[in-house]
Structures are given as structure tokens and as C-alpha cells.
Amino acid sequence: MKKLVFLIFATVLSGSLIAQTTNWTIDKAHSRLAFTVVHLGLSDIEGDFKDFDVKIKSAKADFSDAIFEMTSKINSINTGIEKRDKHLKSPDFFDATKNPTMTFISSSIKKVGKNKFKLTGNLTIAGVTKKVTMDLIHRGTIDEKDHTKRAAFQLTGTINRKDFNVGTGTSKMVVSETVKIKADGAFKNK
């Protein structure tokens, strides 16, 4: 009898934990996935990806158990200069025909301060997957009039483009090897 009661309790508990997981979808009008490189060691060149999607799953209100999944279309890269964008999509850099998407799937999140986290996961660019860790700030959560919630995050960090075989034939004097990442995202629970 004790085993039966325990089994029922465990089933109810696991079911309630699954039911409490909240799915968050991106509000694209209030989100941006951007990058910065240095050109000729002198000037910052910024760009972003216009077509991207991010989903978050979390059971905890403080997001300390959150799982992030991001997909971005390489052909949506935008630096404001059409000729440069075309070059970035070419085999010299991202090779968008061969590798049309860039993805990130988190594997762990570690709270390091109030609303501050280290987010670790697998980033895939140009067919190469590497583990990266970025800084994540939960900028807050508010209640909306339609009884949903809105949460906002800012992610920052750096990667080395050559780790992903991006622009390996381009000197770091022309385009820095270090790429700064900055993503701002607003999300709704639906």
C-alpha cells in the first residue's frame, strides 16, 4: 500500500512540475541579435540578423532553470552595406548556401548575481559547433493587460570567428577575429 501511495504521489508531483514549465516566445519587434567587429584595427562595424527566433522554457520565475534555443538565418545578415552583406554570405565567410542557419542551444545556466547568469551552450556557425559561455541579464518581468507576462533579457559575450571557420582567409588586421555579440530580447509567455 505504501508503494502505491508513493507511486501516485510521484506521478502527481512529476505531472505538476511538467505543467508548471512556461514557454516564452520572442517579440521580434522589440528584440535584436547584433554583432560588432573591428575593421582595420580602427573602427567598429556593427551588423545584425533580421530573421531569427528564440524560444525559452522555464519552470522558475527567476529563470534559473531556463533553456534557450536560438535559430538565425544567415541570409538575413545586415550591416547596412549591401556589397559587404553579400560578401559575408559568400564562402569567404559564412557560406550561407551551404550553411543557411546559425543555432544556439543552451546546456546550462548559472546564477552569478541578482538577475545575472552565465549561459553556456552549443553555438553552431558555418557547420562548426563549439561550446560558448555568455553573460545573460534578466532585465525584468511584467504583467500584461491580456493576462500574459513579458520578460526581457540581454545577452553579451565574445567569440572568435576563426573557431567557426568564418573568414579564415581574411586577416585579423582587416576584420578582427574577436566578434562581440549583443542580443536584446523581449518575450511573452504563451
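For the structure, see preceding data.
Note that the structure is a prediction, hence the values are computed from the model and not measured.

Engineer: Help me out: how do you make sense of the packing of aromatic side chains in this one?
Structural biologist: Aromatic ring pairs are described here by two measures, namely the spacing of the ring centres and the angle between the planes. One pass over the structure, following the stated rule, counts six aromatic pairs. Between Phe 63 and Phe 153, the ring centres sit 4.9 Å apart and the planes meet at 90 degrees, which makes this aromatic pair edge-to-face. Taken together, the residues span a long stretch of sequence, with Phe 63 in the loop between β4 (52–58) and β5 (67–73) and Phe 153 in strand β10 (residues 149–160) at a distance of 90 residues. By relative accessible area, Phe 63 is classed as buried at 2%. Its relative accessible area of 4% is what places Phe 153 among the buried residues. Seen from their ring centres, Phe 68 and Phe 153 are 5.5 Å apart, and the 90 degrees between their planes marks the pair as edge-to-face. Linking Phe 68 in strand β5 with Phe 153 in strand β10, this pair joins segments that are 85 residues apart in sequence. Of the two residues, Phe 68 and Phe 153, neither departs from the other in class, the shared state being buried.

Engineer: Would you mind showing me how to read the nonpolar core here?
Structural biologist: As a rule of thumb, soluble globular proteins bury nonpolar side chains together. With 43 residues, the main nonpolar core has Phe 68, Phe 94, Ile 125 and Ile 159 as its most contacted residues. Those residues in contact with Ile 159, other than ones at most four positions away along the chain, are Leu 123, Ile 125, Val 132, Met 134, Phe 164, Glu 177, Thr 178, Val 179 and Ile 181.

Engineer: Quick question: what am I supposed to make of the pairing of β10 here?
Structural biologist: For a regular strand, the rule is simple: side chains alternate between the two faces of the sheet. Examined bridge by bridge, strand β9 (residues 128–143) and β10 share eight bridges and lie antiparallel to one another. Counted as the bridge partner of Leu 136 is Leu 155 from β10. Between β9 and the antiparallel strand that follows it, β10, lie five residues; His 147 among them carries a positive phi value of about 70 degrees. Where β10 lies against strand β11 (residues 178–189), eleven bridges are found, and the strand directions are antiparallel.

Engineer: Any chance you could explain the pattern of salt bridges here in plain terms?
Structural biologist: Oppositely charged side chains may form a pair once their charged atoms are brought near each other. Under the counting rule described, the total for this entry stands at 13 salt bridges. Ionic pairing is found between Lys 55 and Asp 53, a salt bridge with its closest N-O pair at 2.7 Å. Measuring nitrogen to oxygen at the nearest pair gives 3.1 Å for the salt bridge that ties Arg 150 to Glu 144. Linked by salt bridges that have partners in common, Asp 27, Glu 144, Arg 150 and Lys 188 make up one network.

Engineer: Is there a simple way to think about the layout of surface pockets in this case?
Structural biologist: Once rolled over the atoms, a probe with the size of a water molecule shows which space is left empty. The volume enclosed by the largest pocket comes to roughly 840 Å³. For the largest pocket, the lining is made up of 46 residues, of which Ala 34, Phe 35, Phe 49, Val 179 and Ile 181 are closest to its centre. In terms of residues, the lining of the largest pocket owes the most to one element, strand β2 (residues 32–39), which gives seven residues. Grouping the constituent residues of the lining of the largest pocket by class yields 35 nonpolar, six polar and five charged.

Conventions and cut-offs
Residues numbered from 1 in each chain as written. Predicted model: local features only at pLDDT ≥ 70, side-chain atom pairs only at ≥ 80, totals over all residues. Heavy atoms only, no water. Phe/Tyr/Trp six-rings, centres within 6.5 Å; stacked < 30°, edge-to-face > 60°. Helix = DSSP H or I, 4+ residues; strand = E, 2+ residues; numbered from the N terminus. Buried < 20%, exposed > 50% of the residue type's maximum accessible area, 1.4 Å probe, protein only. Core = buried A, V, L, I, M, F, W, Y, C linked by side-chain atoms within 4.5 Å. Contact = heavy atoms within 4.5 Å. Pairing = 2+ DSSP bridges. Salt bridge = Lys/Arg side-chain N within 4 Å of Asp/Glu carboxyl O. 1 Å grid on protein atoms, 1.4 Å probe; cavity = no way out; pocket = protein on both sides within 12 Å on 5 of 7 lines; lining within 4 Å. Points joined across faces, edges and corners; volume = space filled by probe spheres on them. Nonpolar A, V, L, I, M, F, W, Y, C, P; charged D, E, K, R; others polar.

Treat this as a map of the structure, not an account of what it does.
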